[in-house]
Amino acid sequence: MKTTKTKASVINAIFLSAVIFGTVSCGNHEDKAEDHSTHAESKTEEVAKEQNDAKFDDNKDEKNAKFLVKAAEINLEEISLGKLAEEKSTNADVKELAKMMVTAHKKALEDLKGLAGKKNISIPTEDTQDVIDAHTKLSEKTEQKDFNKAYVDKMVDGHKDAVELFEKESTESSDADIRAWATSMLPELRKHLDHSIAVQKKFEKK
């Protein structure tokens, strides 16, 4: 009788262990699959450039690819710095400006992904080193006055450069779709620049 009970206990223990192991194993497998999927969707600037270099031999195509890579980096930076300003600033004007930047540039980045896919151009989908450096530099401003001024100045300078870049591509790109997209982005970029300058002037008066 004792032997039968002992055998039954051993069998139950083995079965339970198998169930637990199988559950953990499946869970790990799912986690790995999810990690792989996430990794596959993200793309660094270096990877994007390498892929574009391998795909395009024509100088015109390379210029178009470089523009879209740069446009992606601009959007990624505005989103990154905007989120930081929303979190750290206590100034209502700065927080409003930052929120506008995050919302608008998220949409612009999604539109850009669609255009890049259509043109078989690889673009970075995670923060580039320049974006990381800009975020780090801004986050080091511990005083509110310094932080707010640095963020707003960055928005003014960044959007001046962006408007200049997009104006050039709106007329000079060899691709009609890219020219059209660059042209369509200009009103929003100019609005961002005007808004940034208006906030900047408020700080100059203080």
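Residues numbered from 1 in each chain as written. Predicted model: local features only at pLDDT ≥ 70, side-chain atom pairs only at ≥ 80, totals over all residues. Heavy atoms only, no water.

### Considering the side chain of Ser173
- With respect to the helices, strands and loops of the structure, Ser173 is situated in the loop between helix H6 (144–172) and helix H7 (176–205).
- Given the relative accessible area of 5%, Ser173 is considered buried.
- Here Asn64 takes part through its side chain, which lies 2.7 Å from a polar atom of the side chain of Ser173.
- Not counting the four nearest positions on each side in its chain, Ser173 is found in contact with Asn64, Lys168, Ile178 and Arg179. (Helix = DSSP H or I, 4+ residues; strand = E, 2+ residues; numbered from the N terminus. Buried < 20%, exposed > 50% of the residue type's maximum accessible area, 1.4 Å probe, protein only. Polar contact = N/O pair within 3.5 Å; in protein donor to acceptor, adjacent residues only side chain to side chain. Contact = heavy atoms within 4.5 Å.)

### Section: the layout of surface pockets
- Space inside the largest pocket adds up to approximately 270 Å³.
- Along the wall of the largest pocket there are 13 residues; nearest its centre are Lys70, Ile74, Glu77, Lys154 and Gly158.
- Residue classes in the lining of the largest pocket are distributed as four nonpolar, one polar and eight charged. (1 Å grid on protein atoms, 1.4 Å probe; cavity = no way out; pocket = protein on both sides within 12 Å on 5 of 7 lines; lining within 4 Å. Points joined across faces, edges and corners; volume = space filled by probe spheres on them. Nonpolar A, V, L, I, M, F, W, Y, C, P; charged D, E, K, R; others polar.)

### Topic: the side chain of His192
- Along the chain, His192 falls in helix H7.
- In this structure the side chain of His192 is engaged in a polar contact, spanning 3.3 Å, whose partner is the side chain of His105.

### As for the packing of helix H3 (residues 59–88) against H7
- In the contact formed by H3 and H7, the axes pass within 11 Å of each other and the chain directions differ by 30 degrees. Comparing their axes, H7 and H3 come out roughly parallel. Considering only the axes of H3 and H7, their crossing is left-handed. In this structure, H3 uses Asn64, Phe67, Leu68 and Ala71 to contact H7, whose residues at the interface are Ile178, Trp181 and Ala182.
- Each residue belonging to the contact of H3 with H7 can be placed in one class, and the counts come to six nonpolar, one polar and no charged. (Axes fitted to C-alpha atoms, helices over the stretch in contact; angles between N-to-C directions. Parallel < 35°, antiparallel > 145°, perpendicular 65-115°, else oblique. Left-handed = near helix turned anticlockwise from the far one by under 90°.)

### Details of the pattern of salt bridges
- Under the definition given, this model contains 11 salt bridges.
- Between Lys107 and Asp111 there is a salt bridge; the shortest N-O distance is 3.1 Å. Here Lys107 pairs with Asp111, and both are found in helix H4 (residues 92–118), just four residues apart, close to one helical turn.
- For Asp177, the salt bridge goes to Lys119, with nearest N and O atoms at 2.7 Å. Remark: Lys119 occurs in the loop between H4 and helix H5 (129–139) and Asp177 occurs in helix H7; sequence separation between them is 58 residues.
- With a relative accessible area of 30%, Asp177 lands in the partly exposed category.
- With a relative accessible area of 22%, Lys119 lands in the partly exposed category.
- Sharing partners across several salt bridges, the network here consists of Lys118, Lys119, Asp175 and Asp177. (Salt bridge = Lys/Arg side-chain N within 4 Å of Asp/Glu carboxyl O.)

### Description of unusual backbone geometry
- Located in the positive-phi region is Asn120, a residue other than glycine, with phi close to 60 degrees.
- With respect to the helices, strands and loops of the structure, Asn120 is situated in the loop between H4 and H5.

### Regarding H4
- A rise of 1.5 Å per residue sets the reference length of H4, with its 27 residues, at 39 Å; its end C-alpha atoms lie 39 Å apart and thus fit the reference within 8%.
- The distance from a side-chain oxygen at the start of H4 to the backbone nitrogen of Asp93 is 2.9 Å, and the residue carrying that oxygen is Asn91.
- Among the residues trailing H4, Asn120 stands out with phi positive, at a value near 60 degrees. (Expected span 1.5 Å × (residues − 1).)

### What to know about a negative patch on the surface
- A contiguous patch of negative charge on the surface is contributed by Glu46, Glu50, Asp53, Glu126 and Asp127.
- Locating Glu126 in the fold gives a position in the loop between H4 and H5.
- For Glu126, a relative accessible area of 30% puts it in the partly exposed group. (Patch = residues over 30% accessible without salt bridge, like charges linked within 9 Å, V, L, I, M, F, W, Y side chains within 5 Å. Areas by Shrake-Rupley, 256 points an atom, 1.4 Å probe, with all protein chains shown as cover. Lys, Arg positive; Asp, Glu negative; His and termini not counted. Charge placed at Lys NZ, Arg CZ, Asp CG, Glu CD.)

### Some words on the packing of aromatic side chains
- Per the stated rule, a full pass over the model turns up three aromatic pairs.
- Relative to Phe166, the ring of Phe67 lies with its centre 5.1 Å away and its plane at 70 degrees, an arrangement referred to as edge-to-face. One end of the pair, Phe67, is in helix H3; the other, Phe166, is in helix H6, with 99 residues separating them in the sequence.
- Phe67 sits in the buried class, given a relative accessible area of 3%.
- Put simply, the rings of Phe67, Phe166 and Trp181 pair up and form one aromatic cluster. (Phe/Tyr/Trp six-rings, centres within 6.5 Å; stacked < 30°, edge-to-face > 60°.)

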